[in-house]
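# Examining the three-dimensional arrangement
Here is how the chains run, residue by residue.
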Amino acid sequence: MATATEKRRKRRPVTDEMKAQSQASRAAANDALHNYAVLCLSDPAELEEFRSIAASIGWKFDPASDDGGYSLQNAALLAAQRRPLVHCGGFDYWLEQGRCVAEGEKALGTFRHIGRKQTEEQKAEEKKLAEEGWQSSKRGPRYYVKRGTWDVTQTRPIVKCPRCGTTPTGPEDRTTLCPPDCAVFAPRPGGKPPRELVLELMQAQLKDADEEHGPQQ
Ligand SMILES: [Zn+2]
C-alpha cells in the first residue's frame, strides 16, 4: 500500500469533478464564515472568544507575509469549524512535536493561496489595469480550501508526553490521550487582534455585505 507521502506526490490531472469539489468546499467555507460572523456580531462574548482564540493560535496582520500565524480570516475560518482552539498545526508539524492526530478527528480547512503571492502594489496595479479595460478583473479563484489543520486538542502523544507523562501502551495504542489538564492544552499567550479590526473582518464575511468572497490575501 502506498504511504501518504507517495500518494501526495502523485500528480493527477485536474478533472471537472475535482473543480466542482473545490468550488463546493470554497462555498462551504464561505457559508461557515458567514454563520460565524453573524454569531460574533450578535454576541459580544463570542467575539471576545474569537479574539482569545486568535491570540492563542497566533494571528498576523498581513495575510501575505511569511510570518508564522494565521491570517485573521483563516483564524475565523478555523474557529467557525471548531471551538475552542488552542494551538493549530498540520500533520507533519504535530509529528515533529511528538504528537499525532487522534483516532477519528477530522481535519480543519484553511484558505490557501494558489500560485505566487501578490504584493499590495501588484494588486493595485492589476485593479487599475482592469478598471482601464486592459485586462479582465474576472479571474479564476485564486485560492482553495485545504483540509490539513488540527488543533492540539485533536492530537495525542506518540510516546511519553513530556508535559504530563501520559504514555501510550505501545505503537498500536491509538486511544490514549493526554488528560484535559495537560499543559499542552493550555491557551498560549499572545496579543489579541484589536476589537475594531475583528469587527471589520466579521462584517466583511457577511454574504450580503460584499459580492466577493475570498481570502484577503
Ligand atoms: Zn500531555
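This structure is a prediction, so every number in the text was calculated from the model and none was measured.

Moving on: the nonpolar core. Counting 28 residues, the largest nonpolar core has Ile-57, Ala-75, Ala-76, Leu-78 and Ala-79 as the members making the most contacts within it. Breaking this core down by element, the ones donating at least two residues are helix H2 (16-42), helix H3 (44-57), helix H4 (72-81), strand E5 (108-113), strand E6 (143-151) and helix H7 (195-205). The element that contributes the greatest number of residues to this core is H4, accounting for seven residues. Residues in contact with Leu-78, not counting those within four places in the same chain, are Ile-57, Tyr-70, Leu-85, Cys-88, Leu-108, Thr-110 and Thr-149.

Where a strand is regular, its side chains alternate between the two sheet faces. Looking at chain direction, strand E3 (residues 88-89) and E6 are connected through two bridges and run antiparallel. Paired with Gly-89 across the two strands is Trp-150, which belongs to E6. In this sheet, E6 lies alongside E5 in antiparallel orientation, the contact comprising six bridges. Within E6, the position partnered with Arg-112 by the bridge is Tyr-144.

Turning our attention to the sheet that holds E6. Overall, antiparallel pairing links the three strands, which are arranged E3-E6-E5 in an open sheet. In this open sheet, the two strands that pair with only one neighbour each are E3 and E5. Against the sheet, H2 contacts E5 and E6, and its axis sits at roughly 65 degrees relative to E6. Packed onto the sheet, H4 meets E3, E5 and E6 and runs at close to 160 degrees relative to E5.

All right, on to H4 then. Think of an α-helix as 3.6 residues a turn; residues three or four steps apart then line up on the same face. The element H4 is largely enclosed, with a buried count of 10 among its 10 residues. Those residues of H4 lying buried are Leu-72, Gln-73, Asn-74, Ala-75, Ala-76, Leu-77, Leu-78, Ala-79, Ala-80 and Gln-81.

Within the fold, Ala-28 resides in helix H2. Between the C-alpha atoms of Ala-28 and Val-145, which are 117 residues apart in sequence, the distance is 9.5 Å.

Conventions we followed
Residues numbered from 1 in each chain as written. Predicted model: local features only at pLDDT ≥ 70, side-chain atom pairs only at ≥ 80, totals over all residues. Core = buried A, V, L, I, M, F, W, Y, C linked by C-beta atoms within 7 Å. Buried ≥ 20, exposed ≤ 12 C-beta atoms within 10 Å, placed from the backbone. Helix = DSSP H or I, 4+ residues; strand = E, 2+ residues; numbered from the N terminus. Contact = placed C-beta atoms within 7 Å. Pairing = 2+ DSSP bridges. Axes fitted to C-alpha atoms, helices over the stretch in contact; angles between N-to-C directions.

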